[in-house]
Amino acid sequence: MPRWGTCTGKHFRWSSPVAQGLVLCVLTFGGILPICCHRLLYSHYFLKSVYLDSLSEASLQKSHAKGQEALHFWESAASTKSLKDPLETDAKKPDLLITIVTSIRTEGRDYHYLLQVAQQLKSLLKACGDTPCAEVMLCDVESGPTLNEDALLLEKEFPVVRRSPDEKWNSKDVTNIFEKEKRDYVFCLRKGWDLMRPKNVVVLEDDALPLTDFFPLIKNVLSRRFALNTLYVKLYHPERLQGYWNPEPYRILEWLGLGLFGATILLLLLSHCTPLSFTFSPLHLLFLTLYIMAVSELAGRHYLLEIRRLSPQLYAVSPATECCTPAMLYPGNASIRVAQYLDQAVCARGNAKDMVLYKIARSTPGEKAHSVEPNIIKHIGAYSSIRTNPLLPRLI
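Here is a short report on the structure shown in this document. (Residues numbered from 1 in each chain as written. Predicted model: local features only at pLDDT ≥ 70, side-chain atom pairs only at ≥ 80, totals over all residues. Heavy atoms only, no water.)

## Observations concerning the overall build of the protein
Next, step 1: When helices and strands are tallied, the protein shows 13 helices and 10 strands.
Next, step 2: Taking the intrachain contacts of the protein between residues at least 6 apart in sequence as the baseline, contacts between residues at least 24 apart amount to 81%.
Next, step 3: Just so you have it, the protein exposes about 21,500 Å², and 61% of that area is on carbon and sulfur atoms. (Helix = DSSP H or I, 4+ residues; strand = E, 2+ residues; numbered from the N terminus. Contact = heavy atoms within 4.5 Å. Areas by Shrake-Rupley, 256 points an atom, 1.4 Å probe, with all protein chains shown as cover.)

## So, helix α4 (residues 113-126)
One full turn of an α-helix is made of 3.6 residues, so residues set three or four places apart face in the same direction.
Next, step 1: With 14 residues, α4 should cover 20 Å at 1.5 Å per step; its first-to-last C-alpha distance of 20 Å lies within 8% of that length.
Next, step 2: Burial runs high along α4: 11 of the 14 residues are buried.
Next, step 3: Of the residues making up α4, those classed as buried are Y113, L114, L115, Q116, V117, A118, Q119, Q120, L121, L124 and L125. (Expected span 1.5 Å × (residues − 1). Buried < 20%, exposed > 50% of the residue type's maximum accessible area, 1.4 Å probe, protein only.)

## Some details on the nonpolar core
Next, step 1: Of all hydrophobic cores here, the largest spans 47 residues; its most connected members are I98, V202, F214, F215 and L235.
Next, step 2: Counting residues per element, this core draws most heavily on α4, at 8 residues.
Next, step 3: With sequence-adjacent residues up to four places away left out, L235 is seen in contact with V202, F214, I218, A327, M328, L329, V372, N375, I376 and I377.
Next, step 4: The next biggest cluster of nonpolar side chains, apart from the first, holds 34 residues, and it includes V186, L195, M328 and A339. (Core = buried A, V, L, I, M, F, W, Y, C linked by side-chain atoms within 4.5 Å.)

## Comments concerning the sheet that holds strand β3 (residues 160-162)
Next, step 1: Taken in spatial order, the 8 strands of this open sheet run β3-β2-β1-β4-β8-β6-β9-β7, and their pairing is mixed. The sheet terminates laterally at β3 and β7 (316-319), the two strands that pair on one side only. The sheet shows a mean angle of 25° between the axes of neighbouring strands, taken without regard to direction.
Next, step 2: Helix α7 (residues 177-196) contacts β1 (97-102), β2 (135-140), β3, β4 (200-205) and β8 (327-331) of the sheet and is inclined by roughly 140° relative to β2. (Pairing = 2+ DSSP bridges. Axes fitted to C-alpha atoms, helices over the stretch in contact; angles between N-to-C directions.)

## Considerations on the state of the cysteines
Next, step 1: Tallied over the full model, the rule gives 3 disulfides.
Next, step 2: Sulfur-sulfur distance for the disulfide between C128 and C133 comes to 1.7 Å. Judged by the torsion about the S-S bond (-115°), the C128/C133 disulfide is left-handed.
Next, step 3: Two residues share a disulfide in this structure: C139 and C188, whose sulfurs sit 2.0 Å from each other. (Disulfide = S-S within 2.5 Å.)

## Re helix α9 (residues 249-273)
Next, step 1: Between the first and last C-alpha of α9 there are 36 Å, a value that for 25 residues agrees with the 36 Å anticipated at 1.5 Å per step.
Next, step 2: Restricting attention to buried positions, one finds in α9 the residues Y250, R251, W255, G259, G262, A263 and L267.
Next, step 3: Buried residues along α9 sit in contact with α10 (282-299), α11 (301-305), β7 and β9 (369-373).

Function cannot be inferred from these measures alone, as they are strictly geometric.
In structure tokens form, the structure reads like this:
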């Protein structure tokens, strides 16, 4: 009798919901996810010590090859075209102006980020057909004695604007690199407006590579009601900062909603598959909600966001995040308001232009700012033009 009771007790314990949940968690978080996600760059299971250096090196080599390809492409194109006059576009008043802010990169010059971006835009504009999707303008903010050769190479394809010699001298005298970056940005915003009077403006840094569906997505965003009353729309947020475990409140709500939705689906499947043995309880819902939330965060929210690329209508619009301005959409005349706001602020370390814009949108009555997810551009710049670069740039 004692032996029979001991066996029955063991059988009962292992068949209990607590034991089953524990086994499921061990298998999922200790086995399945580590096996499936250890090579995923933006997963918590990514093995940095094993894969990061090799992935970073492969990314640099690929970018270098694309940069050389873009250089040959534009060198060939430059030999067959006449020089464009920037003032030719003065009366066009395009629906969309793409302004690319560019300067020389002391390091990473052979990657030709600007040429890569310009080549991609030329391809996307060609796909628009007879009705142009946008006008493109380069804003060369280089203030040193060395010419921006990549910008010079593109003068026959796109209008290029620069400061006058006096303005270059004043810009060079700014010792704070963050304040100089802000002033360059304001100059480009105003120059684009003065030359073309666009209905909407997208400002790209010269290492912000538009994705293939860039123009349909911009058109879709501008067609949404919120765009009429927004100061700016961010088109990029670093992938490493896209996780649920972040200070943005809307992500917590999204995370909880995903957990509840996934848990409900699992419970419905379980109730149909095992109608005789399965009994629903609130504890089941709580456990599965937490389980789905943990799986989605540890595997990487970035990869869930990629599902939204199936259609422009699936792209999510949320309150703007703080970091980074590689790609910004300014609907209507918002670019001029932004230039005025930035003129009133002094940028420094810890208070760069992205943080200033974020604070303005949150503190100014009537102003709002948004972000689009997933990203509409790819940030290809491993080497910064204004900040100190590591000896070996890494992906994260």
